[in-house]
Amino acid sequence: MNQRTPRHSNAVRHFLIAAAAAVFGIVPAPMLFHPLTRAGEADRQTAPRREAHALWAHPPDAGRNAEAVHQFVNQCRRANIDTIVILVKGMNGEIYWPSRRFPQAVVKGFESFDMLGALVREAHAQEIKVDAWLCDFVEGQNGMAYREHPEWAQLNPGGKTTASETLGAQRRPYPYVWMCPARRPGYTDQWLLPMIEEIATNYAVDSIHHDYVRYPGDVAPDSYCFCDYCLKQIPRHAMLSYETRPDERYRVTPAQERIEANWWSDPTMIPANWQERDRREMADYLLNGRTIPGGPPDMRYFFYNYRVRQIDAFAREAWELIQQINKTKGAKIGISAAVFKNPIQSARFIGQQWGAWTPWISVFMPMTYRSHFAGSFDAYLDHLAETTARQLEWIGDEKPVYAGIATTYLFREEWQPLDDLRDRASELKALAATDAAARDGKVKAIGTGYEPLRPRLAKIAPDREIQLSRSIAALKADATAAAIDELLKLMTQLRNDPPPGYLPVEKLTRSIEAARKARPNGIAIFAAGSLTREKLWPALEAGFRE
Ligand SMILES: [Zn+2]
């Protein structure tokens, strides 16, 4: 799979210096790769090398019949895509292949039409690879794994699942239940690995693709997992006491002046009354306790270390399972992974230390999406190039890295005013009819929020501008439920079907060019559905032209 010629480590340094120079405007960016003359670098530049192109796709993109799959693969071929990463297990635990082992989780319609089988046949006929994409540790509240095995769910210090959490200032409900990666027997070995085994055994896929291969990150990253199993295992993992003399307690021997310098004097850290504590107290100790009395509150180091180890263990087990299947089948199935942009930070926040996964992953696809960066679009282009260069450095050339770009987030400037308007309209709808002052405020905010959008819309889609202006005028005259619904409907239409010209499509090609400055092994685009919705296929075809 387009293995890059190994790079001399000096070349990495040269690149970074050159990249930094380009970022700070010392050397123009296009010159980046030409003045470097070291041997390894020269080889790499003359060696024939093809940039890989991957595309994440959801089942509706591939379609529900053979003809739709055929059309989709043709579209991918035109855009010079060489790997389709197709979702087969979604965030609600639903699956999209006619599973014999987990028929209860198969989405209706996909038990009769074997989308994955059809896609693999069609794609291979056009020399396109197919990766089977699983949302690993996330399941829905109504997902079959959680319904059948609620005891496999991750628990917070209050003994609740992630579905008890909320998102954002609006405290939106969080419908997902994360499953405990550590517990054995449990979700990992009884559900997730058997699913991977079934796919790899029965389909000629090119890779299994990990996603959500981590702990929850957008809700309460420090609150999971404190299930009964983990409450036993975290102290055992760090060996905070001895199992052979469980009641023995040793204090720190203060031989050294600096208190933390006495760590090796063999203190037993777990409190004597550990078993009498409840879940909240145990979790509080594991997060906020001190390894050395009088030292810093550093106990959580072991909690983070434990979590990293659980996700590592799964990545290794999945890899070993695939190797076994490859041996039996005489196949060469690999494992790719969607990971967060920075493995050092994601190790701390979500247990995802992917820089250490090179033995178990064939291709890394970091999600270097704009949604994970603050700043302007131009700043993002620099951040994308710099971050991709760092990712290559973290992986140290051992395995291919594809720069992951999500199209939707590129258009923050274009989508934000629309999303704000839609939020104000929804808030207005939720207000009581008697709350006149608040309702007035929302109507005014909708009026002012529309102003910056108006001239652009009038220019590219005058009909739709008139429709929207009328709808807002009607709302100002009388904010009835029907008037609000009409505006919401128009906003949704605009979001799902923006008029040509509304989105500056060159943002996609410019992002691809920015990622290329770091010379990744490939570029991965998220996702097929948004390319269609945002009418970006022609831009992608141009960006990925040989
Ligand atoms: Zn657990």
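From a predicted model like this one, the values you see are computed outputs, not experimental measurements.

### A short note on unusual backbone geometry
Then, number 1: For the bond from Arg184 to Pro185, the omega torsion is -10°, close enough to zero to count as cis.
Then, number 2: Across the junction of Phe526 and Ala527, the peptide omega takes the value 0°, indicating a cis bond.
Then, number 3: Considering the arrangement of structural elements, one finds Ala527 in the loop between β12 (522–526) and α20 (528–533).
Then, number 4: A positive phi angle, near 55°, is found at Met239, a position not held by glycine.
Then, number 5: Note that Met239 resides in the loop between α8 (228–238) and α9 (279–288).
Then, number 6: Backbone geometry at Asp266 places phi at a positive 70°, although glycine is not the residue there.
Then, number 7: Its place among the elements puts Asp266 in the loop between α8 and α9.

### Structural notes on the environment of Tyr96
Then, number 1: Within the secondary structure layout, Tyr96 lies in the loop between β2 (83–89) and α5 (115–125).
Then, number 2: With relative accessibility at 12%, the residue Tyr96 sits in the buried group.
Then, number 3: In this structure, the C-alpha to C-alpha distance between Tyr96 and Ile86, residues 10 residues apart in sequence, is 9.7 Å.
Then, number 4: Filtering out sequence-adjacent residues up to four positions away, Tyr96 remains in contact with Pro59, Leu87, Val88, Lys89, Gly90, Val107, Phe110 and Met115.
Then, number 5: Side-chain polar atoms of Tyr96 contact the side chain of Glu94, separated by 2.9 Å.

### Comments concerning helix α10 (residues 300–329)
Then, number 1: Given a rise of 1.5 Å per residue, 30 residues ought to cover 44 Å, and the 44 Å separating the end C-alpha atoms of α10 matches this to within 8%.
Then, number 2: Directly beyond the C-terminal end of α10, a positive phi value near 65° is found at Gly330.

### Considerations on the nonpolar core
Then, number 1: Of all hydrophobic cores here, the largest spans 163 residues; its most connected members are Phe72, Ile84, Ile86, Leu116, Ile199, Trp357 and Leu540.
Then, number 2: Tallying contributions element by element places α10 first for this core, with 12 residues.
Then, number 3: In this structure, Ile84 is in contact with Leu55, Ala57, Phe72, Val73, Cys76, Leu119, Ile128, Lys129, Val130 and Asp131, ignoring residues within four places of it in sequence.

### Comments concerning the side chain of Glu198
Then, number 1: Structurally, Glu198 can be placed in helix α7 (residues 187–202).
Then, number 2: Look at Glu198: it is buried, it has no salt bridge, and the nearest opposite charge is Arg100 at 5.2 Å.

### Describing the sheet that holds strand β1 (residues 52–57)
Then, number 1: Reading across the sheet, the eight strands line up as β10-β9-β8-β3-β2-β1-β12-β11 and stay open at both edges, with parallel pairing between neighbours. A strand with exactly one partner marks an edge of an open sheet, and here the two such strands are β10 (363–366) and β11 (402–406). Each strand axis lies, on average, 25° off the axis of its neighbour in the sheet, ignoring direction.
Then, number 2: As judged from the six bridges shared by β2 and strand β3 (residues 129–135), these two strands associate in the parallel manner. Bridge pairing links Lys89 to Leu134 in β3.

### Topic: the pairing of β11
Then, number 1: Among the five residues in β11, five count as buried, and that is most of the element.
Then, number 2: Burial along β11 is two-sided: the face carrying Tyr402, Gly404 and Ala406 and the face carrying Ala403 and Ile405 are both buried.
Then, number 3: Bridging between β11 and β12 involves five bridges; their strand directions are parallel. In the sheet register, Ile405 faces β12, and the bridge partner there is Ile525.

### Considering the packing of helix α14 (residues 412–430) against helix α15 (residues 436–450)
Then, number 1: One can describe the packing of α14 onto α15 by two numbers: an axis separation of 9 Å at closest approach and a directional angle of 165°. In terms of orientation, α14 lies roughly antiparallel with respect to α15. Both α14 and α15 take part in a crossing whose hand is left-handed. When α14 is examined against α15, the residues Leu421, Arg424, Ala425, Glu427 and Leu428 are found in contact with a partner set consisting of Arg439, Lys442, Val443, Ala445, Ile446, Gly449 and Tyr450.
Then, number 2: When the residues that make up the contact of α14 with α15 are grouped by side-chain class, the tally is seven nonpolar, one polar and four charged.

Each value, and the rule that gives it
Residues numbered from 1 in each chain as written. Predicted model: local features only at pLDDT ≥ 70, side-chain atom pairs only at ≥ 80, totals over all residues. Heavy atoms only, no water. Helix = DSSP H or I, 4+ residues; strand = E, 2+ residues; numbered from the N terminus. Buried < 20%, exposed > 50% of the residue type's maximum accessible area, 1.4 Å probe, protein only. Contact = heavy atoms within 4.5 Å. Polar contact = N/O pair within 3.5 Å; in protein donor to acceptor, adjacent residues only side chain to side chain. Expected span 1.5 Å × (residues − 1). Core = buried A, V, L, I, M, F, W, Y, C linked by side-chain atoms within 4.5 Å. Lys, Arg positive; Asp, Glu negative; His and termini not counted. Salt bridge = Lys/Arg side-chain N within 4 Å of Asp/Glu carboxyl O. Pairing = 2+ DSSP bridges. Axes fitted to C-alpha atoms, helices over the stretch in contact; angles between N-to-C directions. Parallel < 35°, antiparallel > 145°, perpendicular 65-115°, else oblique. Left-handed = near helix turned anticlockwise from the far one by under 90°. Nonpolar A, V, L, I, M, F, W, Y, C, P; charged D, E, K, R; others polar.

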